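Analysis of the macromolecular model
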Amino acid sequence: MAKRKLTRRQNWRIQKIQEERAARASKKDAAIDEQLENSDLGPEQHGLIISHFGRTVDVEANEGERQGEIIRCHMRTNLGQLVTGDQVIWREGKDSGVVVAKLERKSELLRPNPYGDMKPVAANIDFIVITVAVEPTPHANLIDRYLVAAELSGIEPVILLNKTDLLNQENREKIEAMLQRYRDIGYEVLLASSSSDEGLSDLKTKLDQRISVFVGQSGVGKSSLINALLPGIELKVGALSSQTRKGRHTTTTARLFHFPEGGDLIDSPGIREFGLWHIEPNDVIDGFRELQPLSGLCRFRDCNHEKEPGCALKSAVEDGTISEQRWNSYKHILCSIEEQNS
Ligand code: GDP
Ligand code: ZN
């Protein structure tokens, strides 16, 4: 009896808190709407979210007199979450602007917030540069994890080998064989060295006209590359910031930068760690572009690709159509996700 009473009281309290919250939000809405209605605001125009700070955003004007300028804006509260990379409609006010609409996103990068809910951290990214280096030794399984995350978000990945100045007789053969496996399944591989400038002009061409992110393990030279591509931004090189350590939730906001030779970069410690979050075991295969088309060809529709007869995947591994490394990676990722979910 007592227990039930307590629950009712708790329910009542929760309801009250929610009502108060809703009232506060609609007050803010009303204030912004009032501002919208008074004619001090300029005409509607297109803009791009460069950065996001709690209740305000920095919007870059895409047209009009202030084109190219960055304007701090408030936002209508009914817009849902705005993130770096969002295309918006905004109106200019006296001291700041107001974002009045968000355009549809082409893509989203999601990651869990501290409560475990998946939230977008950046929008409209069209290129993921998976960065590896001659040193620290690249691990194919890690590349595969990034590839799965990219494929499942529908964003085109490219593999970039940095520090080519460190290639030598001992490491060259192994690294080249690994990269060739990715070329064989249709991924593009770029080579670069931020210290000798090798490959940087090819990379710049690739980055032109799109919004990119650089991902990859710490120490592969992402900061060095970004510094070489974006003179003046001066990211700390070689510093393992506390934010990039495992298990921490990063709060640093993502920011959009323009490359002087074309294209944009969205960067934040959280984005660099972009990974496999909340993926269903059944979806892992969709992240392996050479396995996915075969998975429908197994004799049994619910084939687990383990010991079943007539498994199209197993036989493709046996006859060498599918690389053993990729197959092992698939199994490994699947296992780790099943463990995580259990
Ligand atoms: P991040 O953790 O991925 O951002 O990597 P950093 O940019 O901080 O670089 C890690 C280390 O690799 C630093 O000591 C850099 O000086 C070094 N480094 C970066 N790029 C190159 C390169 O092209 N060649 C060589 N030899 N070292 C590099
Ligand atoms: Zn099968």
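To keep things clear, this report deals only with the structure shown in the data block.

Criteria and cut-off values
Residues numbered from 1 in each chain as written. Chains lettered and ligands numbered in written order. Predicted model: local features only at pLDDT ≥ 70, side-chain atom pairs only at ≥ 80, totals over all residues. Heavy atoms only, no water. Salt bridge = Lys/Arg side-chain N within 4 Å of Asp/Glu carboxyl O. Buried < 20%, exposed > 50% of the residue type's maximum accessible area, 1.4 Å probe, protein only. Helix = DSSP H or I, 4+ residues; strand = E, 2+ residues; numbered from the N terminus. Contact = heavy atoms within 4.5 Å. Donors = N, O, S within 2.8 Å, 3.2 Å for Na, K, Ca; no water. Tetrahedral: all angles 85-135°; square planar, octahedral: opposite > 155°, others 65-115°. Axes fitted to C-alpha atoms, helices over the stretch in contact; angles between N-to-C directions. Parallel < 35°, antiparallel > 145°, perpendicular 65-115°, else oblique. Left-handed = near helix turned anticlockwise from the far one by under 90°. Nonpolar A, V, L, I, M, F, W, Y, C, P; charged D, E, K, R; others polar.

Notes on the pattern of salt bridges
Scanning the model with the defined rule gives 15 salt bridges in all. Among the ionic pairs, R105 bridges to E108, the shortest N-O distance being 2.6 Å. Judged by relative accessible area, which is 33%, E108 ranks as partly exposed. Close ionic contact of R210 with E156 constitutes a salt bridge, the shortest N to O distance being 3.1 Å. Of the two residues, R210 is situated in the loop between α4 (200–207) and β11 (211–215) and E156 in the loop between α2 (140–153) and β9 (157–162); the sequence distance between them amounts to 54 residues. Connected via shared salt-bridge partners are R66, E69 and E92.

A word on unusual backbone geometry
In this structure, the amide linkage connecting E135 to the following residue, P136, adopts the cis form with an omega of -10 degrees. By the secondary structure assignment, P136 is in the loop between β8 (127–133) and α2. A positive phi angle is found at D197, which is not glycine, with a value near 70 degrees. With respect to the secondary-structure elements, D197 resides in the loop between β10 (189–191) and α4. Its identity as a non-glycine residue notwithstanding, H305 has a phi of 55 degrees, on the positive side. Relative to the elements of secondary structure, H305 occurs in the loop between α6 (269–272) and α7 (312–318).

What to know about the environment of Q81
Residue placement: Q81 occurs in the loop between β3 (70–75) and β4 (87–92). For the pair Q81 and K102, spaced 21 residues apart in sequence, the C-alpha to C-alpha distance is 9.3 Å. In this view, Q81 contacts D86, K102, R105, K119 and P120; residues no more than four positions away in its chain are not counted.

Here's the deal with the coordination of the zinc ion (ligand 2)
Protein coordination at the zinc ion (ligand 2): the donors are C298 (SG), C303 (SG), H305 (ND1) and C311 (SG), at 2.1 to 2.4 Å from the metal. Coordination geometry of the zinc ion (ligand 2): the four donor atoms subtend angles of 102 to 113 degrees at the metal centre, consistent with an arrangement described as tetrahedral. Mapping the donors of the zinc ion (ligand 2) onto the primary sequence yields the spacing C-x4-C-x1-H-x5-C. Each member of the pair, C298 as well as C303, carries the same accessibility label: buried.

Some words on the packing of α2 against helix α3 (residues 172–184)
It is at 11 Å that the axes of α2 and α3 come closest, and there the two elements cross at 25 degrees. Regarding the angle of α2 to α3, the classification is roughly parallel. Relative to α3, α2 is oriented so that their crossing is right-handed. Taking contact as the criterion, the partners of A140, I143, D144 and L147 in α2 are, on α3, M178, R181 and Y182. Here the contact of α2 with α3 is built from residues that sort into five nonpolar, no polar and two charged.

By themselves, these are just geometric observations and shouldn't be taken as functional.
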